[in-house]
Amino acid sequence: MKRIEEALAYIHGRPRAGKKDSFARLDALMTVLGHPEDRLEETIHITGTNGKGSVATMVTAVAKEAGFRVGTFTSPFMTDFRERFQINGELITPADLILYTNKVKEATDRVEQASSGLLTPTEFEVVTAIMFLYFADQDLDLAVIEVGIGGRFDSTNILKMTKVAVLTTVALDHQAMLGDTVAAIAGQKAGIIKPGSKTVIGPGVTNEAKKVIEAQAKAVGSPVLMAQVGSFHSALSGSFQADNTATAVLALKTWRPNLQDEVIQAGLNQAFLAGRFEQIKPKIYLDGAHNQAGIQALHQSIKENLAGPVTVIIGSLADKNVDLAFLELEKDPQITLALVPFEGVAGRPGLQKDQVDLANQDLIWYDSLDQALSENQNQNVVITGSLYFISDVRRELCQKKS
């Protein structure tokens, strides 16, 4: 592969799904690559139903402000695939992405050949391998690594050691993969807690989830610290960011206890994350509220920041439990709900009209996002739903703007 288009085509052409409770494919791949993940001794590993991206962004901004060299791995990306691999906020170069994709492809080919095709690394496993290999070569002071889904069986959890395990929030999401109760989901997320690490829990984590997390931490001998909202504030908008800010600050202080408060605040002032109650045009906001807890936080942000009528346009994946949260938005007299078609992503279709069952059918269906925007151009509009949907919308609207 000599062009970035070829590298991306290879990555996105990998199988999307594989056995979820096995590290066999990834372990075989990392063995061929020489286990680069073992060279990342200074790691903050972040999981949670919501808030992962915000906390990772704040931790990165502060560590960079403090003079550290920080690698950050997040998912999904918003407008450019290279956003997933950053050093001090700078995206991986196209040349480096091509280089490391080629290395991982060679290793993947060897794994598949040696196993007679029984071990076929998935897309996310390949992406994870690229990240570990790239970061291991970067002489980092800190790696900030965001879990994809869950924790226990997430590809990033092939890490054998971390300094701090962070659990931002625990709520119902991805139930088909993680379990039907908050306790079950907490058990999956607590799987990132390692012997020798310290565990940081976000202020909003419920007692039900906290008990599960504390039990896992005790089992591996990891001290638990509970974040509490304090005087720090970040540049990320929305009152829900107070919890994320407290979580990020405690994670940082747990990693480096001597970090000065003024440096922490200066870093938080630099934090920016696309698609989190982000104003991209006059009266048009984007927010990746992709589950019930996220929509409740979005509702709070709308009430705090927008006056007058608001149209909330939603494009969602069908496997999200957002229809319960629609009820809360629907009861707000200032809010009009609208749904637009969203194809979804491979293996995960978008929410269809007949899948939403509301007692009060005060729901507008538009044939397209363009139609929804043109019919609501004289008032505030918030576009929300799947992060994949938000990514598509942001790319389209920001390109039109430029």
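Scoring rules and cut-offs
Residues numbered from 1 in each chain as written. Predicted model: local features only at pLDDT ≥ 70, side-chain atom pairs only at ≥ 80, totals over all residues. Heavy atoms only, no water. Helix = DSSP H or I, 4+ residues; strand = E, 2+ residues; numbered from the N terminus. Contact = heavy atoms within 4.5 Å. Buried < 20%, exposed > 50% of the residue type's maximum accessible area, 1.4 Å probe, protein only. Pairing = 2+ DSSP bridges. Arc of directions from axis to C-beta. Salt bridge = Lys/Arg side-chain N within 4 Å of Asp/Glu carboxyl O.

S.K.: Teacher, can you tell me more about the environment of Leu140 here?
M.R.: In this structure, Leu140 sits in the loop between α5 (123-136) and β5 (142-146). Sequence-wise, Leu140 and Thr43 are 97 residues apart; in three dimensions their C-alpha atoms are separated by 9.7 Å. With sequence-adjacent residues up to four places away left out, Leu140 is seen in contact with Leu40, Arg69, Val70, Gly71, Ile87 and Phe135.

S.K.: Whenever I open this one, the environment of Ala242 confuses me. Can you help?
M.R.: Among the structural elements, Ala242 can be located in helix α9 (residues 241-255). Here Ala242 falls in the partly exposed class, since its relative accessible area comes to 32%. Residues Ala242 and Gly230, twelve residues apart in the sequence, show an inter-C-alpha distance of 8.2 Å.

S.K.: Can you walk me through the sheet that holds strand β4 (residues 90-91) in this structure?
M.R.: In sheet architecture, strand pairing relies on hydrogen bonds along the backbone and comes in two forms, parallel and antiparallel. Strand order in this open sheet of eight strands is β4-β3-β2-β5-β1-β6-β7-β8, and the pairing throughout is mixed. Taken across any chain shown, the strands that pair with only one partner, and hence form the sheet edges, are β4 and β8 (224-226). Bridge count for strand β6 (residues 164-167) against strand β7 (residues 198-201) is four bridges, and the pairing is parallel. Residue pairing in the sheet places Ala165 in a bridge with Thr199 of β7.

S.K.: I would appreciate a short explanation of helix α2 (residues 24-33) in the present structure.
M.R.: Every α-helical turn comprises 3.6 residues, leaving residues that sit three or four positions apart pointing alike. Restricting attention to buried positions, one finds in α2 the residues Arg25, Leu26, Leu29, Met30 and Leu33. Mapping the buried residues of α2 onto a view down its axis gives an arc of 125 degrees, with all of them on the same face. Each element contacted by the buried residues of α2 is listed here: α4 (94-114) and α5. One or two residues past the end of α2 sits Gly34, with phi positive at roughly 85 degrees.

S.K.: What's the story with the side chain of Thr60 in this structure? I'm lost.
M.R.: Assignment of secondary structure puts Thr60 in helix α3 (residues 52-65). For Thr60, the residues in contact, after removing those within four places along its chain, are Val70, Thr72 and Val144.

S.K.: How do you make sense of the pairing of strand β1 (residues 43-47) when you look at a structure like this?
M.R.: Here is the key point about a regular strand: its side chains alternate between the two faces of the sheet. In terms of burial, β1 is a largely internal element, five of the five residues being buried. Of the two faces of β1, the one holding Thr43, His45 and Thr47 and the one holding Ile44 and Ile46 are both buried throughout. Relative to β5, β1 runs parallel, the two sharing four bridges. Its bridge partner lying in β5, Ile44 is registered against Val144.

S.K.: Sorry if this is basic, but what is going on with the pattern of salt bridges here?
M.R.: Two side chains bearing opposite charge may form a pair once their charged atoms approach each other closely. Here the structure, examined in full by the defined rule, presents 15 salt bridges. Residue Glu112 is joined to Arg14 by a salt bridge in which the shortest nitrogen-to-oxygen separation is 2.6 Å. Residue Glu112 is found in helix α4, and its partner Arg14 is found in the loop between α1 (4-12) and α2; the two are separated by 98 residues along the sequence. Across the salt bridge formed by Lys160 and Asp38, the nearest N and O atoms sit 3.4 Å from each other. In this pair, Lys160 is assigned in the loop between β5 and β6 and Asp38 in the loop between α2 and β1, connecting sequence segments 122 residues apart. According to the relative accessible area criterion, Asp38 is partly exposed, its value standing at 29%. The structure contains a network of salt bridges with shared partners spanning Glu37, Asp38 and Lys160.

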